[in-house]
Amino acid sequence: MESIGVLMACPMNTYLEQELERRFNLFKFWTVSDKTQFLKAQQNNIRAVVGNATAGADAELIDALPKLEIVSSFSVGLDKVDVAKCKEKGVRVTNTPDVLTDDVADLAIGLMLAVLRRLCESDRYVRSGKWKKGDYKLTTKFTGKTVGIIGLGRIGMAVAKRAEAFSCPINYYSRTEKPNLKYKYYPSVVELASNCHILVVACPLTEETRHIINREVIDALGPKGVLINIGRGPHVDERELLSALVEGRLGGAGLDVFENEPHVPEELFGLENVVLMPHVGSGTVETRKTMADLVLGNLEAHFLNKPLLTPVV
Ligand SMILES: O=CC(=O)O
C-alpha cells in the first residue's frame, strides 16, 4: 500500500502519523504552504483523507480530489466532514465510535465535580498560599443532583450510567423518545433545562443542534444551574453563555470545547465557577492509540476490499 496517497489534514497523533507514513504515501497538509497548487499537483495521487475534530474534508477539498475514495476521521464527531457530499460522490466515511465513549463520559463527570466542588479553584487556593489565611468556602454537593442530558447516544448513555452511580435522577432530550428507558424524556431543551441542575451537551453538531444552548435555555437552567459541554463549541451561543456567567444568571460551566478553538474568550479566565479544558475528552494515551488503530484498520480494510470496521457512509 506504500504507493497509495493519503492526505492527513492536520497534526493529530504521533503514532498515527508514523504508521501512516510507514504504510502509505503520506502527505501532511499542514506543512504545505500553497495548498491550491499542491492539490492540483497531487489530485490524481490522493485516495484517502485522514481528518479529526479540527480539520476534515469539506466540499472544496472533496471536489479538489477526484480520486478520493475514503475519509477516515480520527474522531467520533463528523462535523468537519461533508458527509452528504461524500455520499453523493461515493466516497466512504469512517469515524472512531465506542472506543472513546468511556473517556468522554469520565471527563463529563469530572467536569461536574470540578465545577460543583470547585476542584480547580480550591487547588489554586492551596498553591497560592491563601489557605494559611483561612479555610476555603463551602461548595455544592454533586450526589443526588438532577442531570439533564441532550443527546442520549453512546456518550450520553455512558454519562447517564455514571451519574446514576452518584444517585442523580436522569432526564434527557433527544429528537425522539427512547423506548424502555427509566430516564425522563423532555420534548424540548428549554423544558429539560428547567428540570435539571446540571445540563450536559452530548449530541452531534449538526445544523439543527448549532446554538442548541441559547439564551432561553441558559435562563431556564438558571443561577444555580451548571452547563457541561463535552460536545462541540458551536452547540453553545458563547456570547450568551459569557454574559450569563458574568451577570450571575448561570451558576457555572464545565467546558471541554469552544466556538473558535483554540481561542477561548478571556472573560472566562477570571471566573471561579468555570472549568476550562483544551478539547481533551478522548485525550488519553490508551484511547488515542485505539482510535489510531481504528483509523489505520479502516484504511487497510478499504484498500484490501474488505468490510470497513466502523463505516458511516
Ligand atoms: O471531539 C472528538 C471527537 O469527535 O472524537
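Cut-offs applied
Residues numbered from 1 in each chain as written. Predicted model: local features only at pLDDT ≥ 70, side-chain atom pairs only at ≥ 80, totals over all residues. Heavy atoms only, no water. UniProt positions renumbered as here; feature names shortened; annotations may be inferred. Helix = DSSP H or I, 4+ residues; strand = E, 2+ residues; numbered from the N terminus. Expected span 1.5 Å × (residues − 1). Buried < 20%, exposed > 50% of the residue type's maximum accessible area, 1.4 Å probe, protein only. Contact = heavy atoms within 4.5 Å. Axes fitted to C-alpha atoms, helices over the stretch in contact; angles between N-to-C directions. Parallel < 35°, antiparallel > 145°, perpendicular 65-115°, else oblique. Left-handed = near helix turned anticlockwise from the far one by under 90°. Nonpolar A, V, L, I, M, F, W, Y, C, P; charged D, E, K, R; others polar. Pairing = 2+ DSSP bridges. Near = heavy atom within 4 Å. Polar contact = N/O pair within 3.5 Å; in protein donor to acceptor, adjacent residues only side chain to side chain. Lys, Arg positive; Asp, Glu negative; His and termini not counted. Salt bridge = Lys/Arg side-chain N within 4 Å of Asp/Glu carboxyl O. Phe/Tyr/Trp six-rings, centres within 6.5 Å; stacked < 30°, edge-to-face > 60°.

An unreviewed UniProt entry lists the chain under the name Glyoxylate reductase, with Citrus clementina given as the organism. Looking at the chain in UniProt, the text filed under Sequence similarities (unreviewed entry) is "Belongs to the D-isomer specific 2-hydroxyacid dehydrogenase family. GyaR subfamily."

S.K.: Explain helix H5 (residues 101-116) to me, please; I cannot follow it from the model alone.
M.R.: In an α-helix there are 3.6 residues to a turn, and that puts residues three or four apart on one side. Between its first and last C-alpha, H5 extends 23 Å over 16 residues, near the 22 Å set by a 1.5 Å rise per residue. With respect to burial, H5 is a largely interior element, 12 of its 16 residues being buried. Taken residue by residue, H5 has Thr101, Asp103, Val104, Ala105, Leu107, Ala108, Ile109, Leu111, Met112, Ala114, Val115 and Leu116 as its buried positions.

S.K.: Teacher, can you tell me more about the side chain of Arg118 here?
M.R.: Inspection of the secondary structure assignment puts Arg118 in the loop between H5 and helix H6 (119-127). Judged by its relative accessible area of 18%, Arg118 falls in the buried class. Here Arg118 is in contact with Leu113, Tyr136, Thr139, Gly251, Glu272 and Asn273, once residues within four sequence places are set aside.

S.K.: How should the packing of H5 against helix H7 (residues 154-164) be read in this particular structure?
M.R.: The N-to-C vectors of H5 and H7 enclose an angle of 50 degrees; their axes lie 9 Å apart at closest approach. Judged on the interaxial angle alone, H7 and H5 are oblique. Crossing hand, H5 versus H7: right-handed. When H5 is examined against H7, the residues Thr101, Asp102, Val104, Ala105, Asp106, Ala108, Ile109 and Met112 are found in contact with a partner set consisting of Arg154, Ile155, Ala158, Val159, Arg162 and Ala163. Residue composition of the contact of H5 with H7, by class: nine nonpolar, one polar and four charged.

S.K.: What is the right way to read the sheet that holds strand E3 (residues 46-51) from this model?
M.R.: Whenever strands of a sheet pair, they do so through backbone hydrogen bonds, lying parallel or antiparallel. Reading across the sheet, the five strands line up as E2-E1-E3-E4-E5 and stay open at both edges, with parallel pairing between neighbours. Where the open sheet ends on each side, the last strands, each with one partner, are strand E2 (25-28) and strand E5 (92-94). The mean angle between the axes of side-by-side strands here comes to 20 degrees, regardless of whether they run parallel or antiparallel. Pairing between strand E1 (residues 5-8) and E3: four bridges, direction parallel. What sits directly across from Val6, in E3, is Ala48. Where helix H1 (residues 14-23) meets the sheet, its contacts fall on E1, E2 and E3, and the angle it forms with E2 comes to roughly 135 degrees. Packed on one face of the sheet, helix H11 (residues 285-303) meets E3, strand E4 (70-73) and E5 and runs near 165 degrees to E4.

S.K.: I would appreciate a short explanation of the UniProt feature "domain: D-isomer specific 2-hydroxyacid dehydrogenase NAD-binding" (unreviewed entry) in the chain in the present structure.
M.R.: Those residues carrying the UniProt feature "domain: D-isomer specific 2-hydroxyacid dehydrogenase NAD-binding" (unreviewed entry) are residues 109-281 in this numbering. Along residues 109-281 one finds 29% helix and 14% strand; the C-alpha atoms at either end are 11 Å apart.

S.K.: What is the right way to read the site of the ligand from this model?
M.R.: The local shell around the ligand consists of Ala53, Ser75, Val76, Gly77, Leu100, Arg232 and His279. The contact in question runs from an oxygen atom of the ligand to an N or O atom on the backbone of Val76, over 2.7 Å. A class-by-class count of the residues in the shell around the ligand yields three nonpolar, three polar and one charged.

S.K.: Explain the side chain of Asp237 to me, please; I cannot follow it from the model alone.
M.R.: Within the fold, Asp237 resides in the loop between strand E10 (226-229) and helix H10 (238-247). Among buried Asp, Glu, Lys and Arg side chains, Asp237 stands out as unpaired, with Arg239 the closest opposite charge at 6.8 Å. For Asp237, the residues in contact, after removing those within four places along its chain, are His211, Ile213, Asn214 and Glu259.

S.K.: Whenever I open this one, the packing of H1 against H11 confuses me. Can you help?
M.R.: Relative orientation and spacing of two packed helices are given, respectively, by the angle between their axes and the distance between those axes. The N-to-C vectors of H1 and H11 enclose an angle of 25 degrees; their axes lie 9 Å apart at closest approach. One element, H1, and the other, H11, form an angle in the roughly parallel class. Considering the relative orientation of H1 and H11, their crossing is right-handed. The residues of H11 that touch H1, namely those facing Tyr15, Leu16, Glu19, Leu20 and Arg23, are Lys289, Ala292, Asp293, Val295, Leu296, Leu299 and Glu300.

S.K.: Would you mind going over the packing of aromatic side chains with me for this structure?
M.R.: In this description, a pair of aromatic rings is defined by centroid distance and the angle of the planes. Scanning the model with the defined rule gives six aromatic pairs in all. Here the aromatic rings of Tyr172 and Tyr185 are separated by 5.3 Å at their centres, their planes lie at 55 degrees, and the arrangement is tilted. Placement of Tyr172 in strand E7 (residues 170-173) and of Tyr185 in strand E8 (residues 184-185) is noted, with a sequence separation of 13 residues between them. For the pair Tyr172 and Tyr185, one class covers both residues: buried.

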